[in-house]
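Chain residues, written in single-letter form:
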Amino acid sequence: MNIGVSVQNVTKDYHMGTEVVHALRGVSFDVPEGDYVAIMGASGSGKSTLLNLLGCLDHPTSGKILLDGENVAEASDDRLAELRASKIGFVFQSFNLIPQLTVLENIEVPLYYQRRLSPKERARCKELAAMVGLGARLNHRPTQLSGGQQQRVAIARALVNDPIFILADEPTGNLDSVTTEEIMNLFDELNRQGKTIILVTHELDVGSRAKRIIRLRDGKIESITDNPARSSARTEAAVN
Amino acid sequence: MLVLWIRTFQLGVKSLMLHPLRSLLTVLGIFIGVASVIWLLAIGEGISRKAQEQIESLGATNIIIRSIKPPSEQIQSSGLLLQYGITRADYERLVSTIPTITRAVRIRELRQRFSYGGRMVDGRLVGCTPEYKDIVRLEMDRGRFIEDTDLEDLKNYCVLAAGTAERLFPFEDPIGKVIRIEEQYYVVVGVCKPKMPSAGIGGSFAAQDFSSDVYIPITTLWWRIGDVIFTRRAGSLEAEQVELSQITLQVDKTENVISTADVVKATLARYHPTEDYGVTVPLELLEQARITRMMFMIFMGLIAGISLVVGGIGIMNIMLATVTERTREIGIRRALGAKRRDIIRQFLVETVVLSTLGGITGILVGFTCPLLSEAIMSAIQILMPRVYDSLPEIVRTMRPVIVPSSVPLAFGIAVAVGVIFGLYPARRAANMDPIEALRHE
């Protein structure tokens, strides 16, 4: 099995005036291809910092983060942008669609920054919109959609560049329980199709959908556990 | 690459349409700037062209010498007879001693009353030579102008200006008729076409109205009327002796005009102790007019430039607000793979779209300048006739001329304003920390 993401002894310090905050104090784990990992922890545990580092939005203070074998810690600002454009699919808590663009155009944004603007790519965007159930609303604006629909658009957008993993930051934090269920089912489905998913959340019932749970506490990994519920679900699926 | 720019442009337009009114007002700033560049330059060009035309109508290679009645305190001759002005001797001296003079035209003019039958016209009697017609650009309507043989034979022939002919002969053909001037009779041999009055340029060259002229051979004038003219003023009789009213010298080459004028001035100064003549050099005026025009253009350009800078500041102001407002969008775009230069491009395209739009509309409206200024002028003429009359003649008759180079200039400046004033907000957007930007509410 290929190692998609490898985090090796990563630390991150923030300078708040004269004080130094150690947000991460040496974190190591691997996310193999096809994995479904939930990163959990209370606020202040270093969860957001780890998310920013995995999302190539920031450099670690020390240690390595390997994406497809490339060390993010040494990448330039432009290279980080390229990595975000080509290897990562972001899903945010507040959907973060661009209001003046239509559903289809929102899905296209990551391709735009990779200069992939052919009609073929556009057709793929339409397919993805159809896959998340919004094939009939390609020309709607985000404000014309419900929260769940917006998050579906965001997921389609995260898939459009065929990333090595989807990085979801509290993807259901702004959704009601019914919609949460729908979105989580979509993630399950994507994972079944072989997509690697890294989920950052503090909600246990959301985290429990993952195959593995990494718990952070005070900038360190408290535990990495396989999720028994998921394992059995997977077995069930295999039996069926 | 083209697709990318098209997409960026589409995106820019979409983003600007988020706040249509705001964008419109921003465009208005540039629009006014660009339109005023074109307008001010067109008006400046119109005025300076008019001035240049007037000067050129005097002839660039000409030197004009006119007799001027000296101020009374300078008059030396006592008694009744006032003698002043350029003389026939001056004429001979100038023509025989200065080799660069190719042609010299003398005239003698005086106020006279012309009559035919019961009708009378007060006008200007001009004793002239055949060349006079070319120098002041008279065109014949009927008959002929004064000819050399008329001068030799001291003929009592006269040519009427259009206005004189119309008033003396409202119902008849004047050719062959005899008019009376000062108890003497002249046969009409020609009538001129109407001619616009020439404007006064420079101190010694007053405006001339050609409408009530009568032209006769200068030799006839000397023979029949003489140099001494008696006028009744305030009850007393005054006599003036003037030999020539004006000499127009034509110089062979433009380069020689200034030096010839210097020699002419020096020659005249030797024989005229009082300043009873004036020398006008149209070329000098032309040079002056060029300098004035340049200063005028710079001044106008400066005003227009200021309004463009104000427009640019408007753009910058709006874009800074937009960048702050769209911090979140910038964060999302950065997270989805936009590089700093992608963000710069996006916002620069928006400012350039705004300023280009202002530029195009400004140019279009700039083109209406000649039409609109005419409309404004006639509106002033109808609504405020007194104001209209008090306007300088050059302003009244001036037609704005759109300077062709002002169109690309104005457009270029508009785009440049967009880039320059858009760069700072765009850079500010690009330099945001994506993590901070994503958190922005």
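Residue numbers restart at each chain and count upward from 1, following the sequence in its written direction. To label them, take the chains in the order written and letter them from A, then take the ligands in the order written and number them from 1. Selection of residues for local features in this predicted model requires a pLDDT of at least 70, selection of side-chain atom pairs for listing and counting requires 80 or more, and totals for whole chains, interfaces and linings are taken over all residues.

**Quick word on the overall build of chain A**
To qualify as a helix, a DSSP run of H or I must reach at least 4 residues; to qualify as a strand, a run of E must reach at least 2; elements of each kind are numbered from the N terminus. The helix and strand tally for chain A stands at 8 helices and 10 strands. Looking at chain A residue by residue over its 240 residues, the buried ones come to 45%. Nonlocal contacts in chain A, meaning residues at least 24 apart in sequence, comprise 68% of its contacts between residues at least 6 apart. Buried residues are those with 20 or more other C-beta atoms within 10 Å of their own C-beta, exposed residues have 12 or fewer, and partly exposed residues lie in between; C-beta atoms are placed from the backbone. C-beta atoms are placed from the backbone for every residue, and two residues are taken to be in contact when these atoms lie within 7 Å.

**Quick word on the pairing of strand β6 (residues 88-91) of chain A**
Residue and element names in this part refer to chain A. Side-chain alternation along β6 places I88 and F90 on one buried face and G89 and V91 on a second face that is also buried. Here β6 pairs with strand β7 (residues 165-169) via 4 bridges, running parallel. Bridge assignment links I88 to a residue of β7, and that residue is F165. Whether two strands pair comes down to DSSP finding at least two bridges between them.

**As for the sheet that holds strand β1 (residues 3-16) of chain A**
Here 4 strands make up an open sheet; going across it, the order is β2-β1-β4-β5 (chain A) and the pairing antiparallel. Strands at the two margins of the open sheet, each flanked by one partner only, are β2 (19-32) and β5 (70-71) of chain A.

**Some details on the confidence of the model for chain B**
As a per-residue quantity, pLDDT reports the predictor's confidence and falls between 0 and 100. Residues at a pLDDT of 70 or more form 95% of chain B, whose mean pLDDT is 85. Under the prediction, the complex receives an ipTM of 0.91, its pTM being 0.72.

**Some details on the interface of chain A and chain B**
Contacts between the two partners involve 21 residues from chain A and, on the opposite side, 18 residues from chain B. Counting residues per element, the ones that place at least two in the side of chain A that touches chain B are α2 (77-87) and α3 (103-112) of chain A. Counting residues per element, the side of chain A that touches chain B draws most heavily on α2(A), which supplies 6 residues. Each residue gets one label: Ala, Val, Leu, Ile, Met, Phe, Trp, Tyr, Cys and Pro are nonpolar, Asp, Glu, Lys and Arg are charged, and the others, such as Gly, are polar. Counted by class, the side of chain A that touches chain B contains 10 nonpolar, 5 polar and 6 charged residues.

**Examining the sheet that holds strand β10 (residues 220-226) of chain A**
Through backbone hydrogen bonds, the strands of a sheet pair up, either in parallel or in antiparallel fashion. Residues and elements named next belong to chain A. One open sheet accounts for 6 strands, arranged β6-β7-β8-β3-β9-β10; its pairing is mixed. The sheet is open, and its two borders are formed by β6 and β10, each paired with just one other strand. Averaged over neighbouring strand pairs, the angle between their axes works out to 20 degrees when direction is ignored. As paired elements, strand β9 (residues 212-217) and β10 share 6 bridges and run antiparallel to each other. Note that in β10 the partner of L216 across the bridge is I221. Axis geometry follows a simple rule: fit a line to the C-alpha atoms, using only the stretch in contact for helices, then measure angles between N-to-C directions, giving values from 0 to 180 degrees. The strands that helix α5 (residues 147-159) touches are β6 and β7; relative to β6, the one it contacts most, it runs at about 170 degrees.

**Things to note about the domain arrangement of chain B**
For each domain, the first and last residues come from an automatic or database assignment. We note that the domain assignment places domain 1 (2-55 + 287-439) and domain 2 (69-275) within chain B. Using only C-alpha atoms to locate each centre, domain 1 of chain B and domain 2 of chain B end up separated by 55 Å.

**Focus: the pairing of β1(A)**
Residue and element names in this part refer to chain A. As defined by bridge partners, β1 adjoins β2 across 11 bridges and the pair is classed as antiparallel. Bridging from a neighbouring strand, M16 pairs with E19 of β2. With antiparallel pairing between neighbouring strands as the criterion, β1 and β2 make up a hairpin whose turn holds 2 residues, including G17 at a positive phi of roughly 65 degrees. Note: β1 against strand β4 (residues 62-67), 5 bridges, orientation antiparallel. Along β4, the bridge assignment pairs S6 with L66.

**Here we look at unusual backbone geometry**
Residue and element names in this part refer to chain B. For L154, which is not glycine, the phi dihedral falls at a positive 50 degrees. With respect to the helices, strands and loops of the structure, L154 is situated in the loop between α5 (148-152) and β6 (157-160). Residue E183 is not a glycine yet carries a positive backbone phi of 65 degrees. Locating E183 in the fold gives a position in the loop between β7 (178-181) and β8 (184-192).

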